[in-house]
There are 2 protein chains.
Amino acid sequence: MQLFYTPDINPKSPNYFLNEEESKHCIRVLRLEKGSEVQLIDGKGSLYAAIIQDPHPKRTILQIISVTNAFNKRNHYLHIAMAPTKNIERMEWFLEKATEIGIDEITPIICQRSERKEVKVDRLNKIITAAMKQSLKAYHPVLNEYVTFKQFLTKPFEGQKFIAHCENTDKTNLKAELINNGKFLILIGPEGDFSTSEIDEALLTGFKAITLGDSRLRTETAALEACFEVNFLNR
Amino acid sequence: MQLFYTPDINPKSPNYFLNEEESKHCIRVLRLEKGSEVQLIDGKGSLYAAIIQDPHPKRTILQIISVTNAFNKRNHYLHIAMAPTKNIERMEWFLEKATEIGIDEITPIICQRSERKEVKVDRLNKIITAAMKQSLKAYHPVLNEYVTFKQFLTKPFEGQKFIAHCENTDKTNLKAELINNGKFLILIGPEGDFSTSEIDEALLTGFKAITLGDSRLRTETAALEACFEVNFLNR
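Residues numbered from 1 in each chain as written. Chains lettered and ligands numbered in written order. Predicted model: local features only at pLDDT ≥ 70, side-chain atom pairs only at ≥ 80, totals over all residues. Heavy atoms only, no water.

(A) The arrangement of the pairing of strand β10 (residues 160-164) of chain A in detail. All names here are of chain A. Among the 5 residues of β10, 5 are classified as buried, and the element is accordingly described as predominantly covered. Here β10 shows two buried faces, one formed by Q160, F162 and A164 and the other by K161 and I163. Where β10 lies against strand β11 (residues 183-188), 5 bridges are found, and the strand directions are parallel. Looking at β11, one finds that K161 is bridged to L185. In the sheet, β10 pairs with strand β12 (residues 208-210) via 3 bridges, with the strands oriented parallel. Counterpart to I163 in the pairing with β12 is A209. (Buried < 20%, exposed > 50% of the residue type's maximum accessible area, 1.4 Å probe, protein only. Helix = DSSP H or I, 4+ residues; strand = E, 2+ residues; numbered from the N terminus. Pairing = 2+ DSSP bridges.)

Have a look at this one:
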């Protein structure tokens, strides 16, 4: 069934007006007619069922017939802060896959060894939105503006905090540490890994060092592995 | 350290001759000199340490100084048979990521609902080789020629066999079923899922139906999720 992302929907209104672009897509491209059913997600957990009341090519009117709140709400909260990859396509596919598998918040962090010093959040958000629609998720993962590693460490976080790095030091792993149904924050470094001073700062700020297995993983693969592990362990 | 993939290496020979392309890369591009150390992987589990004996731009001679056999040998065997994705790039990144995380054998299977009816295995193999080198794996995953789903089911397999599909039927999951350190074969369907007749055939052939979680996953994401779960459960 056709799905529309409608973050501006008013839960109290019996109707929703598709904007010009969506109306055109709905009526001219998909050729949906009066009475056809569509789905709406607001990105905040609500999934609406609606039918086309007035199939106008510029201002289609939908009638809301039912709403499901907290649709497929996950039983935990995952925030991954990762250094954006040198080749941004690699971060893009991480965002697509993480949205499919399950993630709540992403923050791009610029580290000492980051080759990429900035990211265009708007473009990345479009990829998240497309993946959210494709995988029928009612919650839109939050993508924060990029910050430096140092700035990020000053932000408070109520939950378990982990840093995945490649230095040969004492490490634990998520299987051993993770407390189910909690809030988790995981730091993933750039292609050249975190610097030792960054690792030390994180440990001093209450992060635990973890390993994601014996394989040498690319930045975006490590981030996805962490996302897999957290979702899998919370099943 | 520079790594070369040398499937033709003779374990008994004290030397290895880089071919013209590799020699040029080694000497002209990387500007490595006599005495520099490099690593060689044969794709069959052996990792060699070697030094440059004669830095010839067309026929560099390496001297083998040590060999590690069964380097990072994994404790299980994973064969994923998947329908190639309509957009082949999606299968390409699956192969890259699965190689990083850990996989032994891949077979593209053409299913009733496959939109893509063929794949160029040579190109896909290059991606596997690059990922193997990047993630320092001594074993080269085997990519088989594509076959039809029906043909594939006639091939024997000694190990646990699973089919991941989206139909709403009785299913188990890998966490409950997987016997550690074994051999595993997992079937992943095309964008439109396996047909009910394909699912029935698989069940009759001894495959167990599994779920990979509640999320609606793309073909390549489902295949990677299966790869992740098998590796994670075998840790």
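(B) Just unusual backbone geometry, in detail. All names here are of chain B. Although it is not a glycine, R31 sits at a positive phi angle of roughly 55°. With respect to the helices, strands and loops of the structure, R31 is situated in the loop between α1 (20-29) and β3 (37-41). Judged by its relative accessible area of 63%, R31 is exposed. Located in the positive-phi region is L136, a residue other than glycine, with phi close to 55°. Mapped onto the secondary structure, L136 falls in the loop between α3 (121-134) and β8 (142-143).

(C) Summary view of the sheet that holds strand β5 (residues 61-68) of chain B. All names here are of chain B. With respect to topology, 5 strands assemble into an open sheet ordered β1-β3-β4-β5-β2, the strand pairing being mixed. Of all strands in the sheet, those bounded by a partner on one side alone are β1 (3-5) and β2 (15-17). Mean inter-strand twist for the sheet, computed between neighbouring axes without regard to direction, equals 40°. Here 3 bridges tie β1 to β3, and the two strands are oriented parallel to one another. Bridge pairing in β3 links Y5 to I41. Packing against the sheet, α3 makes contact with β1 and β3, and its axis sits at approximately 145° to β1. (Axes fitted to C-alpha atoms, helices over the stretch in contact; angles between N-to-C directions. Contact = heavy atoms within 4.5 Å.)

(D) Representation of the sheet that holds strand β2 (residues 15-17) of chain A within the structure. Residues and elements named next belong to chain A. Strand order in the open sheet formed by 5 strands is β1-β3-β4-β5-β2, with mixed pairing between adjacent strands. Of all strands in the sheet, those with a lone pairing partner are β1 (3-5) and β2, marking the two edges. Between one strand axis and the next, the sheet turns by 40° as a mean value, whatever way the strands run. Alignment of strand β3 (residues 37-41) against strand β4 (residues 47-54), held across 5 bridges, turns out to be antiparallel. Residue pairing in the sheet places I41 in a bridge with L47 of β4. Helix α1 (residues 20-29) contacts β1, β2 and β4 of the sheet and is inclined by roughly 175° relative to β1. Strand contacts of helix α3 (residues 121-134): β1 and β3, with the helix running at about 145° to β1, the strand carrying the most contacts.

(E) Region of interest: the domain arrangement of chain A. Residues and elements named next belong to chain A. Assigned domains of chain A: these are domain 1 (3-68) and domain 2 (77-233). With centres defined by C-alpha atoms, the gap from domain 1 to domain 2 works out at 34 Å. Carbon and sulfur atoms make up 71% of the area that domain 1 and domain 2 hide from each other, which totals about 710 Å². Contact with domain 2 buries surface across domain 1, with L3, Y5 and I41 losing the most and accounting together for 56% of the total. When the residues that make up the side of domain 1 that touches domain 2 are grouped by side-chain class, the tally is 4 nonpolar, 4 polar and 2 charged. (Domains from an automatic or database assignment. Buried area = accessible area lost by both parts, 1.4 Å probe. Nonpolar A, V, L, I, M, F, W, Y, C, P; charged D, E, K, R; others polar.)

(F) Looking closely at the environment of B:T154. Residues and elements named next belong to chain B. Within the element layout of this structure, T154 appears in the loop between α4 (149-153) and β10 (160-164). Relative accessible area serves as the criterion here: at 64%, T154 is assigned to the exposed category. At 2.5 Å, the side chain of T154 and the backbone oxygen of Q151 are in polar contact. (Polar contact = N/O pair within 3.5 Å; in protein donor to acceptor, adjacent residues only side chain to side chain.)

(G) Molecular detail of the relation of the copies chain B and chain A. When chain B is fitted to chain A, the residual RMSD is 0.0 Å, and the transformation amounts to a turn of 180° plus an axial shift of 0.0 Å. Both copies of the chain, as the preceding transformation shows, are related through a two-fold rotation axis. Ranked by how close their C-alpha atoms come to the rotation axis, the residues of chain B are headed by B:F228, at 3.8 Å. An overlap of 100% is found between the interface residues of chain B and their copies at the interface of chain A, pointing to a shared contact surface. (Least-squares fit on C-alpha atoms with pLDDT ≥ 70 in both.)

(H) Seen up close, the UniProt feature "domain: Ribosomal RNA small subunit methyltransferase E PUA-like" (unreviewed entry) in chain A. Feature annotation in UniProt assigns "domain: Ribosomal RNA small subunit methyltransferase E PUA-like" (unreviewed entry) to the following positions: residues 18-64 of chain A. Between the first and last C-alpha atoms of residues 18-64 of chain A the distance is 12 Å; the span itself is 21% helix and 36% strand. (UniProt positions renumbered as here; feature names shortened; annotations may be inferred.)

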